[in-house]
Amino acid sequence: MKVYHNFMGSALLYKFSAQYCDSTTSQIKKKDVTYNEIIVLVRPCLWKSFLVTLGDKVWVRKLIIKFASFGVGKKTARWIWQYLVGRTNYVQIETEKSRIFESPSGVPPGSSLGLLAFTVLIDDIVNVVKHVKTLLFADDVKLAAIIQDVNDSRKLQRDIDNVRKWCDENRLYFNPEKCYVFSIYRDNASFIETEYTMGDHVLERKEEISDLGYWMNRWFHPGLHIELTTRKCRQIETQQILYKAYVRSRLEFASTIWNPSSDVYKDDIESIQKQFVIYSLDSRRNANSYRLAPYEDRCKQVSLQSLELRRKVADSMMAYDIFKGDVVDSLISSKFVRNDSEYDFRSSTLKLLKEPRYNSNYLYEQPVARLVRLVNEFKNVVQSSGSRVVFRRKIMEELKMTNCDAKCDVVV
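Every value quoted in this text rests on a predicted model; they were computed, and no experiment measured them.

Conventions used here
- Residues numbered from 1 in each chain as written.
- Predicted model: local features only at pLDDT ≥ 70, side-chain atom pairs only at ≥ 80, totals over all residues.
- Heavy atoms only, no water.
- Helix = DSSP H or I, 4+ residues; strand = E, 2+ residues; numbered from the N terminus.
- Polar contact = N/O pair within 3.5 Å; in protein donor to acceptor, adjacent residues only side chain to side chain.
- Contact = heavy atoms within 4.5 Å.
- pLDDT = per-residue confidence, 0-100.
- Buried < 20%, exposed > 50% of the residue type's maximum accessible area, 1.4 Å probe, protein only.
- Pairing = 2+ DSSP bridges.
- Phe/Tyr/Trp six-rings, centres within 6.5 Å; stacked < 30°, edge-to-face > 60°.
- Lys NZ or Arg CZ within 6 Å of the ring centre and 35° of its normal.
- Patch = residues over 30% accessible without salt bridge, like charges linked within 9 Å, V, L, I, M, F, W, Y side chains within 5 Å.
- Areas by Shrake-Rupley, 256 points an atom, 1.4 Å probe, with all protein chains shown as cover.
- Salt bridge = Lys/Arg side-chain N within 4 Å of Asp/Glu carboxyl O.

**Student:** Could you give me a rundown of the side chain of Q157, with the residues and numbers involved?
**Tutor:** Inspection of the secondary structure puts Q157 in helix α7 (residues 150-169). A distance of 2.8 Å separates a polar atom in the side chain of Q157 from the backbone oxygen of T197. Residues within four places of Q157 in sequence aside, it is in contact with E195, Y196 and T197.

Written out as structure tokens, the structure reads:
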């Protein structure tokens, strides 16, 4: 039966994927903030309310109506109804069984249909937001707006009220204590501080937040994330296998977004691996002092590559995916403007993508701008690679990555 549930979930997900709103399928990919201020409202844990209400007949009827808006037929809708309503369970310990009882809410453990039903349910929440940008990820809802005057603040407040009203109607309730406001601005003179409320509760304003594992402050500078990450990693002493799985994975998490251009931050990140290499070689030789070989040679002895080189491979893979259309995001794809020309790119100096001029280094080093430059830098490799696997192999050869590290996973 569970196999059938998973099959139905996969089939329905394939049917719905093209109809989901952009806010559901496109998450926060744009990290190059150039405007004065953006207000973000974050609301976690809608999933818990969903599990409590799932099973109520009146509420499930509303869910079935939303399924129908995605083109689900009567037979499938009837099957979903029977799946969600009136389920019976019992508890068995060895040979003893409890009485049969009906589950008033929730979904069977491990069910893929529960997640699909939740996605269908919240898909139309963006329709009640009239003035600002809506971003959905799992059970988080973010409202983002550029605030230039008091009227913009009022519009954001109205949309907060609209989202709260939608949740009340769909019986998915907010916890105002876990909601907060976060502002991104670089000029204090342009900052407009406004109190936002959810019902009678004034939302807390935070100076630093963690969004999907990426720490940020009001300047949207990667320094905070790098400092917090390196501080945690310095406290870890581990063997190589644990280092790759836990320490290096932290140092490379979301590196395409925060990959630094400053030598200060590059050295700070690389110092973590340098410490581990020294520790690893010292434990192998069982000696407290010896003459250190160059860093690259020490890395080869423990089958590692520099973190800076690995970040460039990860950036190149992301740039290739966007260029080939494997990353579905209209906002990012619009920045990849192809340079239409009849010339042979392999024999000319023309670039595959157009590179706009930037007025500051801050804009020049933004993630999307960096990825565009990588496509142009490795244009011959991009055009001669028929698949992602081939492209990664050629990039590794281009960057002179050794065979021992080619066996390691590259985080992309």
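**Student:** I'd like a description of the confidence of the model for the protein, backed by residues and values.
**Tutor:** Residues shown with low pLDDT carry predicted positions that ought not to be read at fine detail. The share of residues in the protein with pLDDT of 70 or more is 74%, and the mean pLDDT across the chain is 76. When pLDDT is averaged over each helix and strand of the protein, the minimum, 43, is found for helix α19 (residues 403-406) and the maximum, 93, for helix α13 (residues 307-323). With pLDDT under 50 throughout, residues 24-37 is counted as low confidence; its partners more than four residues away or in other chains account for 44 contacts. Throughout residues 402-412 the model reports pLDDT below 50, and contacts reaching past four residues in sequence, or to other chains, amount to 26 contacts.

**Student:** Help me get a handle on the pairing of strand β8 (residues 180-184), residues and values and all.
**Tutor:** With respect to burial, β8 is a largely interior element, 5 of its 5 residues being buried. Of the two faces of β8, the one carrying Y180, F182 and I184 and the one carrying V181 and S183 are both buried. Where β8 lies against strand β11 (residues 204-206), 3 bridges are found, and the strand directions are parallel. The residue bridging F182 from the neighbouring strand is K206, located in β11.

**Student:** Tell me about unusual backbone geometry, and please be specific about residues and values.
**Tutor:** Although it is not a glycine, A254 sits at a positive phi angle of roughly 55 degrees. Locating A254 in the fold gives a position in the loop between α9 (240-252) and α10 (255-258). For A254, a relative accessible area of 26% translates into the label partly exposed. Look at S303: it is not a glycine, yet its phi comes out positive at around 60 degrees. By secondary structure assignment, the location of S303 is in the loop between α12 (295-301) and α13. Residue classification places S303 among the partly exposed positions, given a relative accessible area of 27%.

**Student:** Just give me the short version of the packing of aromatic side chains, but keep the residues and values in it.
**Tutor:** Applying the stated criterion to the full structure yields 3 aromatic pairs. Judged by centre distance (4.2 Å) and plane angle (5 degrees), the rings of Y243 and F276 are stacked. On the criterion of sequence distance, the pair formed by Y243 in helix α9 and F276 in helix α11 (residues 263-285) is long-range, its members being 33 residues apart. Judged on exposure class, the residue Y243 and its partner F276 are both buried. Measuring from ring centre to ring centre gives 6.3 Å for Y358 and Y364, while their planes differ by 75 degrees; the resulting arrangement is edge-to-face. Between the NZ or CZ atom of K206 and the centre of the ring of Y180, over which it lies, the distance is 4.5 Å. In this arrangement the basic side chain of R338 is found over the ring face of F323, its NZ or CZ atom lying 4.0 Å from the centre.

**Student:** Any chance you could break down a nonpolar patch on the surface for me, citing the residues and the numbers?
**Tutor:** Where nonpolar side chains cluster on the molecular surface, the patch consists of V91, I93 and F101 and spans about 270 Å² of accessible area. With respect to the helices and strands, I93 occurs in strand β3 (residues 92-93).

**Student:** Requested: an account of the side chain of N217, with residues and values cited.
**Tutor:** Along the chain, the position of N217 falls in strand β13 (residues 214-217). Classification of N217 as buried rests on a relative accessible area of 10%. Within the structure, N217 has its side chain in polar contact with the backbone nitrogen of H221 (distance 3.4 Å). Residues in contact with N217, not counting those within four places in the same chain, are F182, E207, E208 and L224.

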